[in-house]
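So you can see what is in the structure, the chains are spelled out below.
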Amino acid sequence: MILENINSPKDVKSLRINELKELSEEIRELIIDVVSKNGGHLSSNLGVVELTLALHYVFDFSRDKLIFDVSHQAYTHKIITGRKDSFQTLRTFEGISGYANPLESPYDAFIAGHASTSLALALGFVIARKLKNEDYDVVALIGDGALTGGEAYEGLNNLGHLGEKVIIVLNDNGMSISRNVGAISKYLARLRTSKSYVMLKKMLGKNFARKFKLALKELLLPNILFEEFGFTYIGPVEGHDLTELIDTFERVKNLNGPVVVHVVTKKGYGYKLSEEKPDKFHSAEPFDFENGKGVSKDHVTFSDVFGKTLVELAEKDKRIVAITAAMPDGTKTSYIRERFPERFIDVGIAEQCAVTTGASLAKEGFKPFVAIYSTFLQRALDQLIHDVSILSLPVVFAIDRAGIVSDDGPTHQGIFDIAYLSMIPNFVIAAPKDAFELKGLMSLALDSDVPFALRYPKDIAQDGFSKRFFLEIGKGEIIKSGTELTIVTLGPVFYEALKALEYFEKSGYSVGLINAIFAKPFDKELILKEALRSKRVLTVEDGIKRGGFGENLKAYLSDFGVEVTNIAIDDFMPEQGKREDLLKKYGISSENIVKVGVRLIEKKA
Ligand SMILES: Cc1ncc(C[n+]2csc(CCOP(=O)(O)OP(=O)(O)O)c2C)c(N)n1
Ligand SMILES: CC(=O)[C@@H](O)[C@H](O)COP(=O)(O)O
Ligand SMILES: [Mg+2]
């Protein structure tokens with residue numbers, strides 16, 4: 001076992017090519033083993049084992065900077081930078097992160113989780129190097145998917161103009177989570193498959209003189225976009241050939257100025273199941289190594305209900321179009337893509353584009369449903385305000401993975417949406433407690449003529465507690481009146497309060513419960529009536545406290561002398577763990593609702 005003796009990148013540098021190849025296999029085995037138990041980003045990581053080893057072989061990342069884009073592909077890097085043993089705890093509570101994080105290791109140049117930031121980060125490091133008069137290499141590793149995001153071009157534009165030494169390694173596997181989209185993706189495919197060039201290069205091997213190479217490139221390759229930006233372009237390089245990779249990086253290390261190394265890899269490489277279905281193994285649930293069973297859960301989630309209902313609605317209403325930013329499978333807009341491909345738009349990792357495109361489609365009389373994860377919608381705050389809110393355009397936002405998110409950690413927590421949407425004029429914000437309510441709210445959103453945000457977690461969507469339904473904007477649902485305390489919940493945390501209610505009833509406390517449904521406009525009439533009856537209100541939501549639903553309610557009720565206490569995420573970034581565990585830890589649980597509720601009632605008494 002070579003891996004046994006690898007405790008730092010120095011140990012990798014001393015290996016021969018054959019040993020490096022063996023090490024790649026051992027690392028793949030370890031990654032597959034741990035991800036099959038813990039879940040994780042399997043196919044992206046299997047695709048970059050050789051690439052990561054070659055980078056560490058040539059550069060010294062104890063001083064050089066290696067910046068991972070998204071950083072979901074940093075497992076090999078983690079394993080060889082002192083985290084081989086702790087790798088077993090990948091993505092678990094208090095375990096190591098699935099992403100790069102300098103708080104976890106000095107080898108991680110920066111934190112990431114959201115895409116397309118690496119080139120702007122490289123720009124900052126390059127400028128810092130100059131200002132501090134230091135000498136290190138800056139290497140950014142960016143995927144072809146991340147290269148569909150606008151921020152990447154902002155970085156490219158500036159790096160090319162600056163002209164300082166920087167190395168961009170473009171890991172091109174033709175895939176985002178699903179198949180990559182857009183003109184840049186087509187362009188890369190043309191570069192990648194400039195077969196005549198690649199074939200000649202292979203045939204001529206080492207005798208392929210540099211000058212001849214350049215002449216051929218000009219003849220056979222399409223125009224090199226990166227060269228127009230001021231970069232030297234090198235590639236396509238075979239991304240699983242350690243010798244070719246190491247030779248290339250050694251050459252690049254000695255070049256000055258900005259360089260793009262275009263590396264072609266296969267997503268999921270080295271494990272048959274993930275090679276065949278790289279999308280299914282992109283963000284894998286724990287699975288059976290032999291047959292891949294379990295890799296995606298088959299329970300009905302809110303996303304499922306959303307995707308299916310959207311198809312049903314679209315059958316009847318031709319105005320409906322669905323927009324996703326590179327997440328058709330996660331948001332289940334894949335269903336409408338199958339049924340009405342012409343009414344499905346995947347803009348790539350471009351949330352700002354998704355929101356603004358939705359705005360102009362709405363202006364033209366369409367009913368866009370823009371489905372984006374809560375954490376990624378943060379990218380498009382200005383577009384929500386500038387392009388949607390000012391004209392009050394009826395775009396529907398399906399905000400998935402809202403609230404606490406399992407496994408991915410702080411970069412992916414969807415806790416800010418209620419707060420940032422609440423401050424934007426004209427928006428309706430609703431949070432269904434279950435599948436039934438989500439369906440009702442989607443119909444309501446379709447009929448509405450203002451921006452309409454629906455937020456829901458990754459959870460299983462319960463079947464529905466109360467099946468009355470006539471939903472109206474700004475109207476909540478009263479479950480029970482109480483004289484000692486009124487609990488007001490938003491979204492599926494309702495079920496935690498429902499459990500708590502059983503305790504209160506058994507213990508003889510008179511506690512009321514309201515399912516608010518709407519964070520904005522909330523049901524002032526109903527909530528005030530109940531609040532005046534009990535004089536005490538306890539709000540529960542799965543989001544940040546500052547500027548959230550509960551605080552807004554508190555501001556309203558304080559004029560009426562009602563005491564309001566908020567259960568929500570206080571002023572901190574939630575860590576990594578399972579959603580149910582974190583919700584418990586932060587007190588968004590039936591146990592804590594009981595505890596706080598009793599304290600409030602007893603205190604008053
Ligand atoms: C802003 C943002 N939007 C969406 C995502 C979800 N996401 C994570 S990885 C990924 C695909 C990345 O593709 P690529 O960069 O080519 O890496 P690969 O997985 O193919 O190695 C997407 C869409 C994200 N992390 N950040
Ligand atoms: C890296 C990234 O941002 C995505 O791959 C994300 O981890 C997917 O999350 P889901 O598994 O919830 O779709
Ligand atoms: Mg890719």
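Residues numbered from 1 in each chain as written. Chains lettered and ligands numbered in written order. Predicted model: local features only at pLDDT ≥ 70, side-chain atom pairs only at ≥ 80, totals over all residues.

Labelled according to an unreviewed UniProt entry, the protein appears under the name 1-deoxy-D-xylulose-5-phosphate synthase, originating from Caldisericum exile. If you open the UniProt record of the protein and go to Subunit (unreviewed entry), you find "Homodimer." Its UniProt record, at the heading Catalytic activity (unreviewed entry), says of the protein: "D-glyceraldehyde 3-phosphate + pyruvate + H(+) = 1-deoxy-D-xylulose 5-phosphate + CO2". (UniProt positions renumbered as here; feature names shortened; annotations may be inferred.)

1. Considerations on the site of ligand 1
Around ligand 1 sit 23 residues, and of these Ser44, Ala115, Gly143, Gly145 and Ala146 come closest. Residues that form the shell around ligand 1 fall into these classes: nine nonpolar, ten polar and four charged. When residues are assigned to domains, the shell around ligand 1 turns out to be shared by domain 1 (3-276) and domain 2 (302-455), each giving three or more. (Near = placed C-beta within 6 Å. Nonpolar A, V, L, I, M, F, W, Y, C, P; charged D, E, K, R; others polar. Domains from an automatic or database assignment.)

2. Topic: the UniProt feature "domain: Transketolase-like pyrimidine-binding" (unreviewed entry) in the protein
Taking the UniProt record as the reference, the feature "domain: Transketolase-like pyrimidine-binding" (unreviewed entry) is found at residues 300-462. For residues 300-462, helix accounts for 43% and strand for 17%, while the C-alpha atoms at its two ends are 8 Å apart. (Helix = DSSP H or I, 4+ residues; strand = E, 2+ residues; numbered from the N terminus.)

3. Side note on the UniProt feature "binding site: Mg(2+)" (unreviewed entry) in the protein
Residues annotated in UniProt with the feature "binding site: Mg(2+)" (unreviewed entry) correspond here to Asp144 and Asn173. Judged by maximum C-alpha separation, these annotated positions cover 30 residues in sequence but sit close together in space, the widest gap being only 6.9 Å. Beyond its immediate stretch of four places on either side in the chain, Asp144 contacts Leu170, Asp172, Asn173, Gly174, Asn180, Ser185 and Leu188. As for its placement among the helices and strands, Asn173 is situated in the loop between strand 3 (166-172) and helix 8 (183-192). Those residues in contact with Asn173 that sit more than four places away from it in its chain are Gly47, Asp144, Thr265, Lys266 and Lys267. (Contact = placed C-beta atoms within 7 Å.)

4. Points about the nonpolar core
One finds Ala122, Val370 and Leu454 to be the most contacted residues of the largest nonpolar core, which totals 178 residues. Each residue touching Leu454, except ones within four places of it in the same chain, is listed here: Val396, Phe397, Ala398, Ile399, Ala430, Pro432, Leu438, Leu441, Met442 and Ala445. (Core = buried A, V, L, I, M, F, W, Y, C linked by C-beta atoms within 7 Å. Buried ≥ 20, exposed ≤ 12 C-beta atoms within 10 Å, placed from the backbone.)

5. With respect to the site of ligand 2
For ligand 2, the full set of nearby residues is His41, Val70, His72, Ile177, His282, Ser283, Gly330, Arg401, Asp408 and Lys458. Per-domain counts for the shell around ligand 2 show at least three residues from each of domain 1 (3-276) and domain 2 (302-455).

6. Observations regarding the domain arrangement of the protein
Per the domain assignment, the segments making up the protein are domain 1 (3-276), domain 2 (302-455) and domain 3 (478-604). Using only C-alpha atoms to locate each centre, domain 1 and domain 3 end up separated by 47 Å.

7. Topic: the sheet that holds strand 4 (residues 232-238)
Reading across from one edge, 1-2-3-5-4 is the order of the five strands in this open sheet, with parallel pairing throughout. Each edge of the sheet is formed by a strand with only one pairing partner; in this case those strands are strand 1 (65-68) and strand 4. For this sheet, the mean inter-axis angle between neighbouring strands, taken without regard to orientation, is 20°. As defined by bridge partners, strand 1 adjoins strand 2 (residues 138-143) across four bridges and the pair is classed as parallel. Bridge pairing in strand 2 places Phe68 opposite Leu141. (Pairing = 2+ DSSP bridges. Axes fitted to C-alpha atoms, helices over the stretch in contact; angles between N-to-C directions.)

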